[in-house]
Amino acid sequence: MNTSTKVVNSTFIPRDYQESLSDKASSILNRLKIVALIMEVRTGKTITSFLTAEKSKCKKVLFITKKKVIESNTILNDYNLVNPYFELTQINYESVHKVKGNFDLFIIDESHSLGAFPKPSIRTKRIKELIGKSKLILLSGTITPESWSQIYHQFWISDFTPFVEKSFYQWAKNYVNVTQKFVAHGNKANDYSKANENLIRQKLSKYIVSFSQKEAGFSSSVKEHILYVRMKPTTYQLIRKIEKDLVFEGKNGGVILADTPVKKMQKIHQLFSGTIKLEDGSSATIDDTKANFIKEKFANKKIAIFYKFKQELNLLKTIFGSDLTTNLQEFKDTDKNIALQFISGREGISLKEADCIVAYNIDFSATTYFQFKDRLTTKERLENKLYWIFAEDGLEKQIYKTVLEKKSFTLNHYKQIAI
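Residues numbered from 1 in each chain as written. Predicted model: local features only at pLDDT ≥ 70, side-chain atom pairs only at ≥ 80, totals over all residues. Heavy atoms only, no water.

Q: Looking at this structure, how should I read the environment of L130?
A: Relative to the helices and strands, L130 is located in helix α5 (residues 122-131). Overall, L130 belongs to the partly exposed group, its relative accessible area being 27%. C-alpha of L130 to C-alpha of V99: the two residues are 31 residues apart in sequence and 8.2 Å apart in space. (Helix = DSSP H or I, 4+ residues; strand = E, 2+ residues; numbered from the N terminus. Buried < 20%, exposed > 50% of the residue type's maximum accessible area, 1.4 Å probe, protein only.)

Q: Would you explain the nonpolar core in this entry?
A: A general tendency of soluble globular proteins is for nonpolar side chains to be buried together. With 122 residues, the main nonpolar core has I108 and W171 as its most contacted residues. Once residues lying within four places of it in the same chain are set aside, the contact partners of W171 are W148, S149, I151, Y152, F163, E165, V176, A195 and I200. (Core = buried A, V, L, I, M, F, W, Y, C linked by side-chain atoms within 4.5 Å. Contact = heavy atoms within 4.5 Å.)

Q: How should the sheet that holds strand β18 (residues 356-359) be read in this particular structure?
A: Two strands in a sheet stick together by hydrogen bonds in their backbones, pointing the same way (parallel) or opposite ways (antiparallel). The six strands lie next to each other as β10-β19-β18-β15-β17-β16, forming an open sheet whose pairing is parallel. Each having just a single partner strand, β10 (221-229) and β16 (324-325) make up the two edges of the open sheet. Pairing analysis gives three bridges linking β18 to strand β19 (residues 383-391), with the strands arranged parallel. Bridge assignment links I357 to a residue of β19, and that residue is L386. The strands touched by helix α17 (residues 396-404) within the sheet are β10 and β19, with β19 carrying the most contacts at an inclination of about 140 degrees. (Pairing = 2+ DSSP bridges. Axes fitted to C-alpha atoms, helices over the stretch in contact; angles between N-to-C directions.)

Q: I tried to follow the side chain of K267 on my own but got confused; where do I start?
A: Assignment of secondary structure puts K267 in helix α11 (residues 261-271). For the buried K267, which has no salt bridge, the nearest side chain bearing the opposite charge is E279, at an N-O separation of 5.2 Å. (Lys, Arg positive; Asp, Glu negative; His and termini not counted. Salt bridge = Lys/Arg side-chain N within 4 Å of Asp/Glu carboxyl O.)

Q: I'm lost on the packing of helix α10 (residues 233-245) against α11 in this one. Help?
A: For any two helices packed against each other, the geometry comes down to the angle between their axes and how far apart the axes lie. Contact geometry for α10 and α11: axes closest at 10 Å, N-to-C directions at 175 degrees. Relative to α11, the element α10 lies roughly antiparallel. Along its contact with α10, which presents T235, L238, I239, I242 and E243, the element α11 presents K264, I268 and L271. Across the contact of α10 with α11, the residue classes tally to five nonpolar, one polar and two charged. (Parallel < 35°, antiparallel > 145°, perpendicular 65-115°, else oblique. Nonpolar A, V, L, I, M, F, W, Y, C, P; charged D, E, K, R; others polar.)

Q: What should I look at first to understand the pairing of strand β15 (residues 303-307) in this one?
A: Looking along a regular strand, one sees the side chains alternate between the two faces of the sheet. Here β15 lies mainly inside the structure; five of its five residues are buried. A two-sided burial pattern is seen for β15, the buried positions comprising I303, I305 and Y307 on one face and A304 and F306 on the other. By the bridge criterion, four bridges tie β15 to β18 in an arrangement that is parallel. Looking at the pairing, F306 lines up with A359 of β18.

Q: What is the right way to read the pattern of salt bridges from this model?
A: Close approach of charged atoms lets side chains of opposite charge pair. Under the defined criterion, the tally for this structure stands at 16 salt bridges. A salt bridge links K308 to D363; the nearest nitrogen and oxygen atoms lie 2.7 Å apart. Taken together, the positions of K308 in the loop between β15 and α13 (310-320) and D363 in the loop between β18 and α16 (366-372) put the pair 55 residues apart, joining distant regions of the chain. Here K308 matches D363 in class, with each residue buried. What emerges from the salt-bridge pattern is a single network uniting E19, D23 and K55.

Purely geometric stuff here, so don't read any function into it on its own.
So, in structure tokens, the structure goes:
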């Protein structure tokens, strides 16, 4: 937990829209105790939240965010820039159980991460216990990235939630068209994802302040390129054997076991990018084609590489050597490239120093896709370049098509693919 005192800065002048948005948000916060600032990346939602907190005369503020965001110092830099009259404490989601003391305002950064349903996550429950009757600001650029059912638990953490239903299941009876879906072994389960957007918007309209990049004057766009590489013949042979036999035992005793549909999907996904997690828990590199391709293709560029599996980072470190870092500050201060895992690097940080983003692999989550691709965006930058590195005849292309439709890639999608 990191508590900060202000650094005097008399030169800061908020953008006009940040002033007007914070005026509106503070009015809502004082009346209703909750406000949701839904602002697209790079429009300054953190600064707007600090202005809102000051105008609401808050004295002690707890800012809950991702660990990578705290490490990047972006929150502290914005706090010092605004120079508000309240005391700020930062903490990451994984450490909320360490929080001590009382706060009159909680700011929940990337609040959609609390949107799991039908049951709340452990971290969501812990945050609810902390907040109680304190004021609450929800911050997000994509508050319901995959389903409007993600909205319930974000407001549920406050005693002042506008939803009178005490549980998601009760709420779903009024706001969700509950259907059935097939799960493992041919069984069926309730699907709670089809929430009534119009009904929810009506209920929350007086709690929400939204703002887009277009309204802020941004004219930048993300241009995506897909680059295909042919993996080594042995990689394709191994994948075919896994598809057929569901198991592979190496000469040194390493075992790849794919005895369930989920495990088979995971193993094939790993193999198409050149690494694998073995049955004993260890990981191995079986093909360095992608990493070598990236190093050669972007030899004269400063790049940010996103990877999915831990062993992919080890592979990238082997190929790039001292030219690669995982530390955001070192990336900003040197000519080194940076490698970030999709989940930890997709939110709350800026990679504006990079010439482009390179996706070594692809994540199953639509949420990840729509967040991480904007890491280069600034108001002055007209075009951002994102390069996807896919294996020829691989699984990645189908995952990409699915997440473009704002759907997370699941086993059902995998079953429709002929590898």
